[in-house]
Every structure is written in C-alpha cells, then in structure tokens.
Amino acid sequence: PAVLNDLPKNADGSRLTFARWITDRKSPTTARAFVNRVWQAYFGTGLIDTPEDLGTQGSPPSHPQLLDWLACDFMDHGWSVKHLHELIVTSLTYQQSSQITPALLERDPYNRLLARGPRFRVEGEVIRDIQLSVSGLLNPSVGGRPVMPPAPAYLFEKPASYAPFPWAVETDNNQFRRAVYTFRRRSTPYPFLSTFDVPNGETACVRRTKSNTPMQALMTLNETMSIEAAKALAQRMNKEGGKSPQQQIDFGFRLCTGREPTPKEMGALIALMERQAARKESLDAATIVARVLLNLDETLTKE
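Residues numbered from 1 in each chain as written. Predicted model: local features only at pLDDT ≥ 70, side-chain atom pairs only at ≥ 80, totals over all residues. Heavy atoms only, no water.

Colleague: Would you mind going over the overall build of the chain in detail, with residue names and values included?
Modeller: Broken down by element type, the chain carries 13 helices and 2 strands. When its C-alpha atoms are laid out on the principal axes, the chain stretches across 80 × 55 × 35 Å. When burial is assessed residue by residue, the chain has 40% of its 303 residues classed as buried. Sequence separation of 24 or more characterises 58% of the internal contacts of the chain that already satisfy a separation of 6 or more. Carbon and sulfur atoms make up 55% of the accessible area of the chain, which totals about 17900 Å². Computed over 36 positive and 32 negative side-chain charges, the separation of the two mean positions in the chain equals 2 Å. (Helix = DSSP H or I, 4+ residues; strand = E, 2+ residues; numbered from the N terminus. Buried < 20%, exposed > 50% of the residue type's maximum accessible area, 1.4 Å probe, protein only. Contact = heavy atoms within 4.5 Å. Areas by Shrake-Rupley, 256 points an atom, 1.4 Å probe, with all protein chains shown as cover. Lys, Arg positive; Asp, Glu negative; His and termini not counted. Charge placed at Lys NZ, Arg CZ, Asp CG, Glu CD.)

So this is what it looks like as structure tokens:
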C-alpha cells in the first residue's frame, strides 16, 4: 500500500530485507507500536487503546502528536528501551498524583486526558513477587530452568487435565523464585496466575484484561504460597520490627505499602491482633495481621 514506506534498495526478499524495511525510520508502524506498548505498561492503557490493531479497524490515538514524538525520540536515541523508560517515568505526566476528584472522574473516568497519575492493580506475576519479597522468602536468582511451586495435584490428573502430568513440587528455595520462572503448561495454567488474568500460552497477547473478582481475594488469602508468605512476614515482623505489637505492625505495614499506618489503621490492626490472640486457631495472631497486610489494596495496586 502506498501509505507504507518503500522497500530498501536492492531488496532480495530475505528476512534481513524485511527487518530493515520494518525498522526503517520511514516505517509508520514499528516505533509507534513499541512506544505504545511501553506506555500501556506504565499507564494501564496505551495512547492507542487497541494495541493489537494499529490499523484502520483500531482506535485512533488519544494524543497523536505525543505518540509521533515518542516514536521519533525513540529512534533518535538508537531504539534505546532504557532511554524510553527513563523518559516516561521522569515525566511530569507520570509523576502526577493518582488521586481523583468527583468532577474529574465524571469528565474523564478512564484517564484518557492524562490529568492524573496511573492507578491499577499490578499483574499476577508481580502480585506473587510482592508476597515473596516483603515476606523475605524471595529467591532473587536470575536465569535457569522453570520451577514448579506448590499447586493442587488434581489439576494435573484427569479429568482436570487431558492427560496426567508430573508436577514435581520444588522442595528447596526454588519454589520461591520470581513468578516469571513458574512452569507454564498451556493446557493447565498455574491457578494463582490465571486467577489474576495472566494469559495462557495458546495465543499471543499484547493487552491483558484486568478483572476484580471474589476469587482473587480468596486466592491471596488462602492459597498455599500466600499463607506461607503471611507466616514468613509475621516472623519477619517479630524478628525485625521491634518488641511491641505496634512496632511490629508498623514495620510490616511499611514493607507492604511504603508508608506508615495512620492512627486509625494502627488501631484497627492492633484490635485485630488482640482478638485473634484470644482465639485458638491454626494461624497465630501475627500471621493473621500479616495476611491482612498482604491483601491491602495499596499492597497490590500501582499508584
């Protein structure tokens, strides 16, 4: 089509020719598509909110001049992804507060005007990594084989699975590796991740859906690894937080949210700890409080 850039001179039909053509500075698509994906990662929605279709069937950009400028700047800096990330996160647009007023919510409910900072629940892999990180369980090693953290055994047997599959649960600290290393089975997605909208491997995915369901809360409150993280966080609060319950709760709260609790929040958590201490349950009072902290909206939300 005439709208596209010409093929390179001496084009021979090879994949190298195609690569040079698609990354040519005159290409109207490649740089725009990439910067739109990165923008989407930071703001939840791209400048074009149909990243899977940048053609005539997709949505027009909300800020076409900004999209063009970002694409040109990206190419001007040698297609440096690091430069693009730095450019976005240091911008005044990104650094705005995510708090919203009723008037702004009515005028711009989806923040397409970029009058506030982004706020959305982080992705499923990040939720798991947050649990492991703040609890002190995270194995930060990089590279290597995929790992199999705890999962319900019935998922890998008939009829849940079309054929038996040996899910060998890790017995060492490999079970606490970052979620990006979790073994992905196309026909049997890892339940924690799929509950938080992590796509399976059957099709390419350039935009994830974000749902809010009761099942997600049940998962982070009761799933095996989530309980292990709550227990480990409680132990860390007792060991590193201080001697008094207030100091321990303050320490755990700051680990999870990055701020100190308000007097009202502290009062509610202290009361919860005291109520649980008076009961005989399988989980101790500190673990119950840690489980609450791991499930706070602020803990799981990017804002």
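Colleague: Got a sec to walk through the packing of helix H11 (residues 263-277) against helix H12 (residues 285-294)? Specific residues and values, please.
Modeller: Contact geometry for H11 and H12: axes closest at 8 Å, N-to-C directions at 140°. By the criterion of interaxial angle, the relationship of H11 to H12 is oblique. Taken as a pair, H11 and H12 cross one another with a handedness that is right-handed. Seen from H11, the contacting residues are Leu269, Leu272, Met273, Gln276 and Ala277; seen from H12, they are Ala285, Ala286, Ile288, Val289, Val292 and Leu293. Of the residues that constitute the contact of H11 with H12, the class distribution is 10 nonpolar, 1 polar and no charged. (Axes fitted to C-alpha atoms, helices over the stretch in contact; angles between N-to-C directions. Parallel < 35°, antiparallel > 145°, perpendicular 65-115°, else oblique. Left-handed = near helix turned anticlockwise from the far one by under 90°. Nonpolar A, V, L, I, M, F, W, Y, C, P; charged D, E, K, R; others polar.)

Colleague: Which residues make up the confidence of the model for the chain, and what values do they have?
Modeller: Chain-level pLDDT for the chain is 91 on average; 100% of the residues reach the 70-or-more range. Of all secondary-structure elements in the chain, the lowest mean pLDDT belongs to strand S1 (residues 120-121), at 89, while helix H4 (residues 81-89) reaches the highest, 97. (pLDDT = per-residue confidence, 0-100.)

Colleague: Would you mind going over the side chain of Gln216 in detail, with residue names and values included?
Modeller: Relative to the elements of secondary structure, Gln216 occurs in helix H8 (residues 214-222). Residue classification places Gln216 among the buried positions, given a relative accessible area of 6%. Side-chain polar atoms of Gln216 contact the backbone oxygen of Ser211, separated by 3.0 Å. (Polar contact = N/O pair within 3.5 Å; in protein donor to acceptor, adjacent residues only side chain to side chain.)

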